[in-house]
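Fold and geometry: a report
Listed below are the residues making up each chain.
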Amino acid sequence: MKTIGLIGGMSWESTAVYYANLNRMARAAYGGLASADILLRSVNFDEIVALQKAGRWERAAAILADTAAKLEKAGADCVLICTNTMHKVADEVEAAVSVPLLHIIDETALALKAAGKRKPLLLATRYTMEDGFYHRRFATHGLEVATPNETGRARVHAIIFEELCAGQVLDGSRADLTALIDTAADQGCDSVILGCTEICLSLDPDKTPLPGFDSTAIHCRAAARFAFPAELRLSA
């Protein structure tokens, strides 16, 4: 088993999901009381959020790059940034290490392509939905990403930061997210990406109006395929 390095804490609510998922996958693969070999370095999300709001992405990139380098020095064989939004600075983080960075956007795109999907709705933070880095990365895979309208994007962003990152999972917010998916289906979308690592706390991808792709679970499966011996790896 290889060692999985996690850059977590953004938010710790979803990092806990990563930790649980990876350990469940290890137990399923190895049996018995097996658990995953994980190195976790959790950053202060309040500091990262302040940098996001101030547009200081270079400073945020430096913090994550330093964190990745420390994980590699500690023995990590790969690195995962446990958040979609901070993949805006994935290139800088990747440049700081010699081990593979498993990219959540690429892994999600590959999962969609394998399922024959071509036009997903993206539910995520405003940064992820509006800054263009997600759309450009998906375009390299031949996929077109749709997002909710301005009002919808603001609502999703608020649900993520004001509720899910604070450990609040509200039925009314789940209904609002579901309504956005219904609208997207009427507009020709063929799937929905849970493109913030906290959204899986609210939505079950198997119960959404469009076929759901949970980026958190997809990212974890990629790490399991990398870290577990070939004969035990989980299928995508």
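Up top is the structure these notes are about.
Presented here is an overview of the structure given in this document.

Considering the sheet that holds strand β4 (residues 120-123)
As summarised here, the arrangement of the 3 strands in space is β4-β5-β6, forming an open sheet in which the pairing is parallel. Each having just a single partner strand, β4 and β6 (212-214) make up the two edges of the open sheet. Sheet twist, expressed as the average angle between the axes of neighbouring strands with direction ignored, equals 20°. Lying on the sheet, helix α5 (residues 104-114) is in contact with β4, β5 (191-194) and β6; it crosses β5 at an angle near 160°. Here helix α9 (residues 171-186) sits on the sheet and contacts β4 and β5; the angle it forms with β4, its principal contact strand, is near 155°.

Notes on the packing of aromatic side chains
For any pair of aromatic rings, geometry is given as the distance between the ring centres together with the angle between the planes. In total, this model carries 4 aromatic pairs according to the counting rule given. On the basis of an interplanar angle of 15° and a centroid distance of 6.2 Å, the ring pair of Phe45 and Phe161 is categorised as stacked. In this pair, Phe45 is assigned in helix α2 (residues 45-54) and Phe161 in helix α8 (residues 150-163), connecting sequence segments 116 residues apart. Judged by its relative accessible area of 17%, Phe45 is buried. Lying across the ring of Phe226, Lys2 places its NZ or CZ 4.6 Å from the centre. The ring of Trp57 carries the charged tip of Lys88 above its face, separated from the ring centre by 5.1 Å.

What about the packing of α5 against helix α10 (residues 215-227)?
Between α5 and α10, whose axes approach to 9 Å, the crossing angle comes to 100°. Between α5 and α10, the angle falls in the class roughly perpendicular. Of α10, the residues touching α5 (which contributes Ile104, Glu107, Thr108 and Ala111) are Ser215, Ile218, His219, Ala222 and Arg225. The class makeup of the residues in the contact of α5 with α10 is 4 nonpolar, 3 polar and 2 charged.

Some details on the pattern of salt bridges
All told, the structure shown has 11 salt bridges when counted by the stated rule. Where Lys88 meets Asp131, a salt bridge forms, and the shortest distance between an N and an O atom there is 3.3 Å. Within this pair, whereas Lys88 is found in the loop between β3 (78-81) and α4 (90-95), its partner Asp131 is found in the loop between α6 (126-130) and α7 (133-139), the two being separated by 43 residues in sequence. For Lys88, a relative accessible area of 30% puts it in the partly exposed group. As a salt-bridge pair, Glu107 and Arg225 come within 3.2 Å of each other at their nearest N and O atoms. In this pair, Glu107 is assigned in helix α5 and Arg225 in helix α10, connecting sequence segments 118 residues apart. Through salt bridges with shared partners, a single ionic network connects Arg126, Glu130, Glu150 and Arg153.

Some remarks on the sheet that holds strand β1 (residues 4-8)
For sheets, the rule is that strands pair by backbone hydrogen bonds, running either parallel or antiparallel. With parallel pairing, the 3 strands of this open sheet are ordered in space as β2-β1-β3. Of all the strands in the sheet, just β2 (38-42) and β3 have a single pairing partner and so form its edges. On average, each strand axis in the sheet is tilted by 20° relative to the strand beside it, whichever way the strands run. Pairing of β1 with β3, which is carried by 4 bridges, proceeds in the parallel orientation. Following the sheet pairing, Leu6 is matched in β3 by Leu80.

Description of α5
Within the span of α5, buried status applies to Ile104, Ile105, Asp106, Glu107, Thr108, Ala109 and Leu112. Residues of α5 that are buried in the fold lie against α1 (12-30), β4, α7, β5, β6 and α10. Count one or two residues on from α5 and you reach Gly116, which has phi positive near 80°.

Re unusual backbone geometry
Here Met10 and Ser11 are connected by a cis peptide whose omega angle stands at -5°. Inspection of the secondary structure puts Ser11 in the loop between β1 and α1.

Digging into the nonpolar core
In a soluble, globular protein the nonpolar side chains are often hidden away together inside. Counting residues in each nonpolar core, the largest one holds 78 residues, and the members touching the most others are Ile7, Met10, Leu64, Ile81, Met86, Leu123 and Phe138. Broken down by element, the residue count for this core peaks at 7 residues, all from helix α3 (residues 57-74). If sequence neighbours within four positions are ignored, Leu64 has contacts with Ile7, Met10, Ile48, Ile81, Met86, Val89 and Val93.

Section: a negative patch on the surface
Together, Glu58, Asp91, Glu92 and Glu94 make up a negatively charged patch on the protein surface. When residues of the negative patch are assigned to their parent elements, the largest contribution, 3 residues, is made by α4. Tracing the backbone shows Glu92 in helix α4.

What counts and what doesn't
- Residues numbered from 1 in each chain as written.
- Predicted model: local features only at pLDDT ≥ 70, side-chain atom pairs only at ≥ 80, totals over all residues.
- Heavy atoms only, no water.
- Pairing = 2+ DSSP bridges.
- Helix = DSSP H or I, 4+ residues; strand = E, 2+ residues; numbered from the N terminus.
- Axes fitted to C-alpha atoms, helices over the stretch in contact; angles between N-to-C directions.
- Contact = heavy atoms within 4.5 Å.
- Phe/Tyr/Trp six-rings, centres within 6.5 Å; stacked < 30°, edge-to-face > 60°.
- Buried < 20%, exposed > 50% of the residue type's maximum accessible area, 1.4 Å probe, protein only.
- Lys NZ or Arg CZ within 6 Å of the ring centre and 35° of its normal.
- Parallel < 35°, antiparallel > 145°, perpendicular 65-115°, else oblique.
- Nonpolar A, V, L, I, M, F, W, Y, C, P; charged D, E, K, R; others polar.
- Salt bridge = Lys/Arg side-chain N within 4 Å of Asp/Glu carboxyl O.
- Core = buried A, V, L, I, M, F, W, Y, C linked by side-chain atoms within 4.5 Å.
- Patch = residues over 30% accessible without salt bridge, like charges linked within 9 Å, V, L, I, M, F, W, Y side chains within 5 Å.
- Areas by Shrake-Rupley, 256 points an atom, 1.4 Å probe, with all protein chains shown as cover.
- Lys, Arg positive; Asp, Glu negative; His and termini not counted.
- Charge placed at Lys NZ, Arg CZ, Asp CG, Glu CD.

Shape descriptors only; they carry no functional weight alone.
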